[in-house]
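Chain by chain, the residues run as shown.
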Amino acid sequence: MEQVQGKIAFITGGASGIGFGMAQAFGEAGMKLVIADVDVERRTAAIDALSKNGFDCHGVDLDVRSAASWTAAADLAEARFGAIDILCNNAGIGQGRRTDGTRLLLEATDEELFRLVFDINVTGVFLGARTFVPRMVARGGAGHIVNTGSMAGLIAPPGLATYSASKYAVTALSESLRAELADRHIGVSVLCPGGVQSRLETTSAERRNQQLGSGYDRETGFLSDRPINPEMMDPIAVGRHVLRAIRNNDLYIFPHPEYVDLIAERFAAIQRNIGLSAQDGYTDPDWLLAASRNPAYS
Ligand SMILES: NC(=O)c1ccc[n+]([C@@H]2O[C@H](COP(=O)([O-])OP(=O)(O)OC[C@H]3O[C@@H](n4cnc5c(N)ncnc54)[C@H](O)[C@@H]3O)[C@@H](O)[C@H]2O)c1
């Protein structure tokens with residue numbers, strides 16, 4: 001999508017952090033903005049700030065975990081601006097940081113927390129695609145979808161298993177969906193950021209405490225608040241980087257190239273363990289190999 005002026009973007013989690021950075025960058029480029037977020041107060045503040053910058057924007061209520069909420073939000077957005085050109089499935093939560101600074105091991109992770117992270121980070125992206133792809137296809141394609149994954153969607157450090165697993169799922173959804181939509185002229189990208197200034201710790205705690213009980217963080221020893229870290233990347237820079245990638249129809253969006261060696265280490269580990277066939281002389285048939293190939297990689 002080279003021409004973005006006048007296009008309409010629907011951004012989940014658009015009230016804060018990376019989503020808000022994308023909104024600002026897209027607004028600068030003359031796009032119309034739908035800010036979809038579960039947080040009414042921050043959404044209203046975001047709309048105020050974007051309007052003051054002269055951007056044409058509209059807020060809609062959305063909980064990405066709910067199919068009904070997606071349909072209602074999409075209908076409202078289309079009633080205001082018409083068909084959506086760009087969907088940014090960006091809303092997400094972290095798995096939480098412990099107050100004592102120790103890592104949250106998988107064996108100590110509550111089942112409800114694991115399910116909540118997957119519900120927002122993975123089911124949310126699935127429902128976004130389920131809602132908007134048929135609408136984009138119905139009007140002849142020419143749309144773009146950006147799913148916010150993470151560097152943790154390509155490498156899985158210890159103490160981050162739940163979050164990483166959810167973000168690996170976002171990477172896989174994006175890669176497969178891109179190939180599924182290629183002949184319908186809808187691009188798909190996965191945004192894989194490293195550290196970005198945002199409220200992720202705070203908004204994740206809000207979701208945990210709202211869904212799992214108001215005392216959840218206190219009882220399980222999680223941080224409920226964390227100031228925005230000024231050392232991290234500016235979200236507007238991420239937003240502008242995303243815009244370039246949409247124009248270029250890139251599959252992967254890497255605002256932080258310094259992670260390349262860590263990604264290479266993972267691929268090297270995979271290659272080291274690929275050796276001889278478990279069954280002497282056996283190879284899978286060509287049809288199975290062909291069905292396993294993703295043309296989006298080449
Ligand atoms: N900040 C980073 O360093 C970083 C790095 C890699 C990936 N990410 C990813 O970026 C995305 C955006 O996070 P951020 O860092 O900008 O955090 P943020 O907390 O500033 O923004 C997240 C927004 O998502 C909204 N949200 C949360 N649950 C929701 C739900 N169920 N329905 C609708 N909206 C919901 C929140 O209200 C908030 O406005 C997330 O998917 C996160 O995993 C962040």
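Above this text you will find the structure in question.
Note that the coordinates shown come from a computational prediction; the quantities given were computed from them, not determined experimentally.

Chemist: What's the story with the overall build of the chain in this structure? I'm lost.
Modeler: Helix and strand counts for the chain come out as 10 helices and 7 strands. The C-alpha radius of gyration of the chain comes to 20 Å, within 12% of the 19 Å expected for a compact globule of 298 residues. By principal-axis analysis of the C-alpha atoms, the chain measures approximately 65 × 50 × 35 Å. Scored against the burial criterion, the 298 residues of the chain give a buried share of 45%. In the chain, the 28 positive side-chain charges and the 35 negative ones have mean positions that sit 4 Å from each other.

Chemist: Looking at this structure, how should I read the site of the ligand?
Modeler: Neighbouring the ligand are 28 residues, the closest being Ser16, Asp37, Tyr163, Ser198 and Thr203. Here Val64 contributes a backbone N or O atom positioned 3.1 Å from a nitrogen atom of the ligand. Protein chains shield 97% of the accessible area of the ligand, which is 830 Å² for the free molecule. Broken down by element, the residue count for the shell around the ligand peaks at 3 residues, all from helix α6 (residues 200–212). Residues belonging to the shell around the ligand are distributed by class as follows: 10 nonpolar, 12 polar and 6 charged.

Chemist: Help me understand the packing of helix α4 (residues 111–138) against helix α5 (residues 161–181), please; the structure alone is not making it clear to me.
Modeler: Two numbers describe a pair of packed helices, the interaxial angle and the distance between the axes. At a minimum axis separation of 8 Å, α4 and α5 run at an interaxial angle of 15 degrees. With respect to α5, the element α4 is oriented roughly parallel. Crossing hand, α4 versus α5: right-handed. Taking contact as the criterion, the partners of Phe114, Val117, Phe118, Asn121, Val122, Val125, Phe126, Ala129 and Val133 in α4 are, on α5, Thr162, Tyr163, Ala165, Ser166, Lys167, Ala169, Val170, Leu173, Leu177 and Leu181. When grouped by side-chain class, the residues that make up the contact of α4 with α5 number 15 nonpolar, 3 polar and 1 charged.

What counts, and where the lines are drawn
Residues numbered from 1 in each chain as written. Predicted model: local features only at pLDDT ≥ 70, side-chain atom pairs only at ≥ 80, totals over all residues. Heavy atoms only, no water. Helix = DSSP H or I, 4+ residues; strand = E, 2+ residues; numbered from the N terminus. Rg over C-alpha atoms; globule rule 2.2 N^0.38 Å. Buried < 20%, exposed > 50% of the residue type's maximum accessible area, 1.4 Å probe, protein only. Lys, Arg positive; Asp, Glu negative; His and termini not counted. Charge placed at Lys NZ, Arg CZ, Asp CG, Glu CD. Near = heavy atom within 4 Å. Polar contact = N/O pair within 3.5 Å; in protein donor to acceptor, adjacent residues only side chain to side chain. Areas by Shrake-Rupley, 256 points an atom, 1.4 Å probe, with all protein chains shown as cover. Nonpolar A, V, L, I, M, F, W, Y, C, P; charged D, E, K, R; others polar. Axes fitted to C-alpha atoms, helices over the stretch in contact; angles between N-to-C directions. Parallel < 35°, antiparallel > 145°, perpendicular 65-115°, else oblique. Left-handed = near helix turned anticlockwise from the far one by under 90°. Contact = heavy atoms within 4.5 Å.

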